[in-house]
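The chain contents come next:
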Amino acid sequence: MAPTVVVRVHPRDPLYLPMHTVLEVEDLTKCFGKICALKGISFTLCSGEILGVVGPNGAGKTTLINCLLGLVLPTSGKIRYFGKDFFRNRSQILAKVNFASSYVALPLSLTLEENLLVYAHLYGLREPRERVAEVLKIFGLYEKRKRRTRTLSSGQMMRLCLAKALLNHPRVLLLDEPTAGLDPEVAQKTRDLILNYARQERTAVLFTSHNLAEVERISSRILVLQKGQIRALGKIAKLLEEFEAESLEELYFRLAA
Ligand code: ATP
């Protein structure tokens with residue numbers, strides 16, 4: 001299936017940037033025995049777009065990201081990246097995708113630099129040392145590069161995971177609670193970085209968060225999940241109008257709580 005192209009402004013406008021559909025999820029279902037974490041969900045994601053996924057504990061957010069990474073095999077449904085079937089083109093696709101999660105730690109016995117160099121080589125980067133230094137500097141970890149990863153605090157570990165996530169200049173970035181555990185300054189820096197990545201590199205970002213203010217600040221659209229089903233999907237302003245809600249908080253409590 002050819003990727004859809006959405007024209008954002010008139011092609012003669014200097015700001016013209018075509019938005020390509022980079023991810024299509026169709027009728028995705030994942031059941032763990034009798035528990036169905038995802039029940040037939042469908043959505044698309046375009047280049048340069050930031051999709052905020054919100055929902056209560058157990059709504060299916062992490063399962064969705066794990067399915068999109070191929071870590072969990074869906075029970076049924078389709079996932080296409082860049083117009084190609086994910087399961088038939090897995091390694092080719094994963095070379096252009098990356099992720100970070102507050103629930104995943106990198107190997108503790110390696111130094112920060114060694115950990116990132118392993119990934120840099122896996123991604124086949126041409127100048128691995130330079131790129132590793134670059135991403136470590138972005139997240140203020142360069143001075144700690146020779147330290148063992150086990151000496152990091154949980155917030156620093158999240159920063160290292162985020163640095164890893166940018167290594168291969170991903171076209172799709174999947175972030176599971178990217179600012180959980182970060183101090184306010186680094187959390188702010190991370191949000192700015194996500195925005196800049198989406199705007200300048202046209203990376204498509206799907207992130208989950210329980211911080212509604214954060215979701216409101218950086219999302220182009222939101223997806224509200226509850227018990228494995230989509231309760232709402234779209235631009236926040238439009239959804240507030242549609243559901244006659246005053247704020248994202250009100251909308252959330254009405255749909256997801
Ligand atoms: P949270 O906000 O707490 O991180 P979540 O929205 O990410 O929650 P998931 O972790 O995707 O939710 O879990 C969705 C449902 O699937 C839950 O009922 C959970 O218990 C169940 N689940 C997830 N992984 C497994 C598994 N490996 N085996 C069995 N059940 C699972």
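This report concerns the structure included in the present document. Everything numeric in this text was worked out from a predicted model, so none of it was measured.

1. Quick word on the environment of Arg126
Move 1: Tracing the chain through its elements places Arg126 in the loop between helix H3 (112-122) and helix H4 (128-138).
Move 2: Judged by its relative accessible area of 86%, Arg126 is exposed.
Move 3: In the structure, Arg126 is positioned 36 residues away from Leu162 in sequence and 20 Å away in space, judged by C-alpha atoms.

2. Observations concerning the pattern of salt bridges
Move 1: Applying the stated rule across the entire model yields 9 salt bridges.
Move 2: Arg80 is paired through a salt bridge with Glu24; the nearest N and O atoms lie 3.7 Å apart. Pair noted here: Arg80 is in strand E5 (residues 76-81) and Glu24 is in strand E2 (residues 18-32), with a separation of 56 residues, a long-range link. The burial state of Arg80 is the same as that of Glu24; both residues are buried.
Move 3: Two residues, Arg191 and Glu214, come together in a salt bridge whose shortest N-O distance is 2.6 Å. Of this pair, Arg191 sits in helix H6 (residues 184-201) while Glu214 sits in helix H7 (residues 212-218); the two residues are 23 residues apart in sequence, bridging distant segments of the chain. Comparing Arg191 with Glu214, the two get one shared label, buried.
Move 4: Salt bridges sharing partners connect three or more residues here, namely Glu24, Glu26 and Arg80.

3. Things to note about helix H1 (residues 61-69)
Move 1: With 7 of 9 residues buried, H1 lies mostly within the body of the structure.
Move 2: Within the span of H1, buried status applies to Lys61, Thr63, Leu64, Ile65, Cys67, Leu68 and Leu69.
Move 3: Positive backbone phi, approximately 80°, marks Gly70, located one or two places after H1.

4. Thoughts on the nonpolar core
Move 1: Core analysis: the biggest nonpolar cluster contains 50 residues, and Ile50, Leu116, Leu160, Leu175, Ile222 and Leu251 have the highest contact counts within it.
Move 2: No other element matches helix H5 (residues 154-166), which puts 8 residues into this core.
Move 3: Residues Leu23, Ile79, Val172 and Leu225 belong to the second largest nonpolar core, which totals 30 residues.

5. Side note on the site of the ligand
Move 1: Neighbouring residues of the ligand: 14 residues in total, closest Asn57, Gly58, Lys61, Thr62 and Thr63.
Move 2: Interatomic distance of 2.8 Å between a side-chain N/O atom of Thr62 and an oxygen atom of the ligand.
Move 3: One of the side-chain N or O atoms of Thr63 is found 2.6 Å from an oxygen atom in the ligand.
Move 4: Here the ligand, which alone exposes 640 Å², has 62% of that area covered by the protein.
Move 5: Taken together, the elements giving at least two residues each to the shell around the ligand come down to strand E3 (35-46) and H1.
Move 6: For the shell around the ligand, the leading source of residues is H1, giving 3 residues.
Move 7: For the shell around the ligand, the class distribution of residues is 6 nonpolar, 6 polar and 2 charged.

Thresholds, definitions, all that
Residues numbered from 1 in each chain as written. Predicted model: local features only at pLDDT ≥ 70, side-chain atom pairs only at ≥ 80, totals over all residues. Heavy atoms only, no water. Helix = DSSP H or I, 4+ residues; strand = E, 2+ residues; numbered from the N terminus. Buried < 20%, exposed > 50% of the residue type's maximum accessible area, 1.4 Å probe, protein only. Salt bridge = Lys/Arg side-chain N within 4 Å of Asp/Glu carboxyl O. Core = buried A, V, L, I, M, F, W, Y, C linked by side-chain atoms within 4.5 Å. Near = heavy atom within 4 Å. Polar contact = N/O pair within 3.5 Å; in protein donor to acceptor, adjacent residues only side chain to side chain. Areas by Shrake-Rupley, 256 points an atom, 1.4 Å probe, with all protein chains shown as cover. Nonpolar A, V, L, I, M, F, W, Y, C, P; charged D, E, K, R; others polar.

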